[in-house]
Amino acid sequence: MDTKSPDAFRTISEVAEDLDIPQHVLRFWETRFAQIKPLKRGGGRRYYRPDDVALLKGIRRLLYGEGYTIKGLQRILKEQGPRHVQAIGRGAEIAPQPGAAARPATVAAGPAEAARHNPAHQAPAGEPGFAAKALLSSLSQAPQPAAFGDDELAFLKATLHELAECRRLLRAALSSGAVEEA
């Protein structure tokens, strides 16, 4: 993407490579976030404008980097608008806005967020796996979907692939001595 002008439109493959996520995740996000509106040309080819790319970078940062759920991010987009998320995608600090919805630390917000933000789910020193056990115990309290659609299944598969890749990278770093074990 370095050879194109910053104002040039990007294809889905260029954006996916830039964000380091699979193309099907971008297509899934289009179904969940109405603000993502790439231009579609012949044959359904998607072309993303610079603002679209900034919005996608902001979405990626909030979902993957900050631990927001899709529902939480939908609320941010509704309450604070896509310009706010685009600014985050361009590197702006993530600061709570006055009157903005904070990420709730409840199981209703999602077990992953609850584990991340609930002090009861913080691992005591010297007890590895405590946070994972707390997360698993909260799953039984969370409502479970009856069935997954194709989009949800694709998203879950992509997430599983990313986690497996993270594990592989972490193991490689640990075995090479590049990272000290905590």
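Residues numbered from 1 in each chain as written. Predicted model: local features only at pLDDT ≥ 70, side-chain atom pairs only at ≥ 80, totals over all residues. Heavy atoms only, no water.

1. Quick word on the nonpolar core
Where a protein is soluble and globular, its nonpolar side chains tend to be buried together.
Step number 1: Formed by 27 residues in total, the largest nonpolar core has its most connected members in Leu 26, Trp 29, Phe 33, Ile 59 and Leu 73.
Step number 2: Of all the elements in the fold, those that place two or more residues in this core are helix H1 (12-19), helix H2 (23-32), helix H3 (50-65), helix H4 (70-80), helix H5 (82-89) and helix H8 (150-176).
Step number 3: With six residues, the single largest contributor to this core is H3.
Step number 4: Leave out the neighbours within four places in its chain, and Leu 26 touches Ile 12, Val 15, Ala 16, Leu 19, Ile 21, Tyr 48 and Leu 56. (Core = buried A, V, L, I, M, F, W, Y, C linked by side-chain atoms within 4.5 Å. Buried < 20%, exposed > 50% of the residue type's maximum accessible area, 1.4 Å probe, protein only. Helix = DSSP H or I, 4+ residues; strand = E, 2+ residues; numbered from the N terminus. Contact = heavy atoms within 4.5 Å.)

2. As for the side chain of Asp 52
Step number 1: Tracing the backbone shows Asp 52 in helix H3.
Step number 2: Ignoring anything within four residues of it in the chain, the contact list for Asp 52 reads Lys 37, Pro 38 and Tyr 47.

3. Re the packing of H4 against H5
Step number 1: At a minimum axis distance of 6 Å, the contact between H4 and H5 shows a crossing angle of 115°. Each of Leu 73, Ile 76, Leu 77 and Gln 80 in H4 lies in contact with H5, whose residues at this interface are Pro 82, His 84 and Val 85. (Axes fitted to C-alpha atoms, helices over the stretch in contact; angles between N-to-C directions.)

4. Describing the confidence of the model for the protein
Step number 1: Here the protein averages 73 in pLDDT, while 65% of its residues score no lower than 70.
Step number 2: In the predicted structure, residues 97-128 sits below a pLDDT of 50 and forms 50 contacts with residues beyond four places in sequence or in another chain. (pLDDT = per-residue confidence, 0-100.)

5. Quick look at the sheet that holds strand S1 (residues 10-11)
Step number 1: Judged by pairing direction, the sheet is antiparallel, and its three strands sit side by side in the order S1-S3-S2 without closing on themselves. Since the sheet does not close on itself, it has two edges, and those belong to S1 and strand S2 (39-40), each with one partner.
Step number 2: As defined by bridge partners, S2 adjoins strand S3 (residues 46-48) across two bridges and the pair is classed as antiparallel. The partner of Lys 40 across the bridge, within S3, is Arg 46.
Step number 3: Here H3 sits on the sheet in contact with S1 and S3, set at roughly 85° to S3. (Pairing = 2+ DSSP bridges.)

6. Description of the packing of H3 against H5
Step number 1: Relative orientation of the contacting elements H3 and H5 amounts to 80°, with a least axis distance of 7 Å. By the angle class used here, H3 and H5 are roughly perpendicular. Where H3 abuts H5, its residues Asp 51, Ala 54, Leu 55, Lys 57, Gly 58, Ile 59, Arg 61 and Leu 62 lie against Pro 82, Arg 83, Val 85, Gln 86, Ile 88 and Gly 89.
Step number 2: Within the contact of H3 with H5, the residues separate by chemical class into seven nonpolar, three polar and four charged. (Parallel < 35°, antiparallel > 145°, perpendicular 65-115°, else oblique. Nonpolar A, V, L, I, M, F, W, Y, C, P; charged D, E, K, R; others polar.)

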